[in-house]
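Understanding the architecture of this molecule
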Amino acid sequence: MLKIRLTRAGAKKRPFYRIIAIDERRKRDGRALEFLGTYDPKSKPEQLVVRSEALAAWVDKGAQVSSTLKSLMRRSRSTVGGAN
């Protein structure tokens, strides 16, 4: 099964995450099928950048979005909606 999840990058105590499409049997930092965006929890405010067209294409192919990524997208959507 395909998953859309986070993979860690960045230095020690300075996390940075990439949003990737990957086979669920691969390691967390294994080779990704495609990079779909980034998440930087250390910046103020937190930055979540997602290529929504590519994400939708993978979901149409049957990929499942991880619960962590779902909550991040929901939280960023509410922040953007509250700012406008």
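Our structure's up above, just so we're on the same page.
Along each chain, residues carry numbers from 1 onward, in the same order as the chain's sequence is written. Local features are withheld for residues below a pLDDT of 70 in this predicted model, meaning they are given only at 70 or higher, and side-chain atom pairs are given and counted only at 80 or more; totals for whole chains, interfaces and linings count all residues. In computing side-chain properties, one takes all heavy atoms of the structure into account and sets aside hydrogens as well as water.

**As for the nonpolar core**
The line we're drawing: For the purposes of this section, nonpolar cores are sets of buried Ala, Val, Leu, Ile, Met, Phe, Trp, Tyr and Cys residues that join through side-chain atoms within 4.5 Å. Accessible area is worked out with a 1.4 Å probe on protein chains only. A residue is then buried under 20% of its type maximum, exposed over 50%, and partly exposed in between. Strands here are runs of E lasting at least two residues and helices are runs of H or I lasting at least four, both read from the DSSP assignment and numbered beginning at the N terminus. Whether two residues are in contact is decided by their heavy atoms, any of which lying within 4.5 Å being enough.
Counting 14 residues, the largest nonpolar core has Ile4, Ile19, Leu36, Trp58 and Leu69 as its most contacted members. Among the elements of the structure, strand S1 (2-11), strand S2 (14-23), strand S3 (34-40), helix H1 (52-60) and helix H2 (67-83) are those that each provide at least two residues to this core. What Trp58 contacts, discounting residues up to four positions off in sequence, is Leu2, Ile4, Ala21, Leu33, Glu34, Leu36 and Ala63.

**Describing the side chain of Arg5**
Operational definition: Charge convention: Lys and Arg are scored as positive, Asp and Glu as negative, and His as well as the terminal groups of each chain are ignored. Salt-bridge detection follows one rule: a side-chain nitrogen of Lys or Arg within 4 Å of a carboxyl oxygen of Asp or Glu. Here a polar contact is recorded for every N or O atom pair within 3.5 Å, except that within protein the pair must consist of a potential hydrogen donor and a potential acceptor, and residues adjacent in sequence are included only if both atoms are side-chain atoms.
As for its position among the elements, Arg5 is in strand S1. The charged side chain of Arg5 is buried without a salt bridge, its nearest counter-charge being Glu24 at 6.7 Å. Of the polar contacts made by the side chain of Arg5, one reaches the backbone oxygen of Arg26; its length is 2.9 Å.

**Thoughts on the environment of Asp29**
Within the secondary structure, Asp29 sits in the loop between S2 and S3. Placed 20 residues apart in sequence, Asp29 and Ala9 show a C-alpha to C-alpha distance of 8.5 Å.

**Some details on H1**
Our working definition: Working definition: the arc comes from the directions between the helix axis and the C-beta atoms, pointing outward to the latter.
Looking only at H1, the buried set comprises Ala54, Leu55 and Trp58. Buried residues along H1 cover an arc of 100 degrees about the axis, so they all sit on one side. Among the exposed residues of H1, those pointing more than 90 degrees away from its buried face are Glu53 and Asp60. Looking at the residues trailing H1, positive phi occurs at Gly62, about 110 degrees.

**With respect to the packing of aromatic side chains**
Quick reminder of the rule: Note on ring pairs: Phe, Tyr and Trp rings are taken, using the six-membered ring of Trp, and paired if centres are within 6.5 Å. Classes follow the plane angle, with under 30 degrees stacked, over 60 edge-to-face and the rest tilted. Consider the ring centre and the ring normal. A charge sits over the ring if Lys NZ or Arg CZ is within 6 Å of that centre and within 35 degrees of that normal.
Inspection of the entire model under this criterion finds one aromatic pair. The residue whose ring lies beneath Lys61 is Trp58, and the NZ or CZ to ring-centre distance is 4.5 Å.

**So, the environment of Leu6**
Of note, Leu6 is situated in strand S1. Along the chain, Leu6 and Gly37 lie 31 residues apart, while their C-alpha atoms are 9.3 Å from each other. Each residue touching Leu6, except ones within four places of it in the same chain, is listed here: Tyr17, Arg18, Ile19, Arg28, Thr68, Leu69 and Leu72.

**Quick word on the sheet that holds strand S4 (residues 47-50)**
Test applied: Pairs of strands are assigned from DSSP output, requiring at least two bridges between the strands. Fitted lines through C-alpha atoms give the axes, limited to the stretch in contact for helices. The angle between two N-to-C directions lies from 0 to 180 degrees.
Spatial strand order, S4-S3-S2-S1-S5: five strands in an open sheet with mixed pairing. Of all strands in the sheet, those bounded by a partner on one side alone are S4 and strand S5 (64-65). Examined bridge by bridge, S3 and S4 share four bridges and lie antiparallel to one another. Bridge pairing in S4 links Tyr39 to Leu48. In the packing of H1 onto the sheet, the strands contacted are S1, S2, S3, S4 and S5, and the crossing angle to S3 comes to about 125 degrees.

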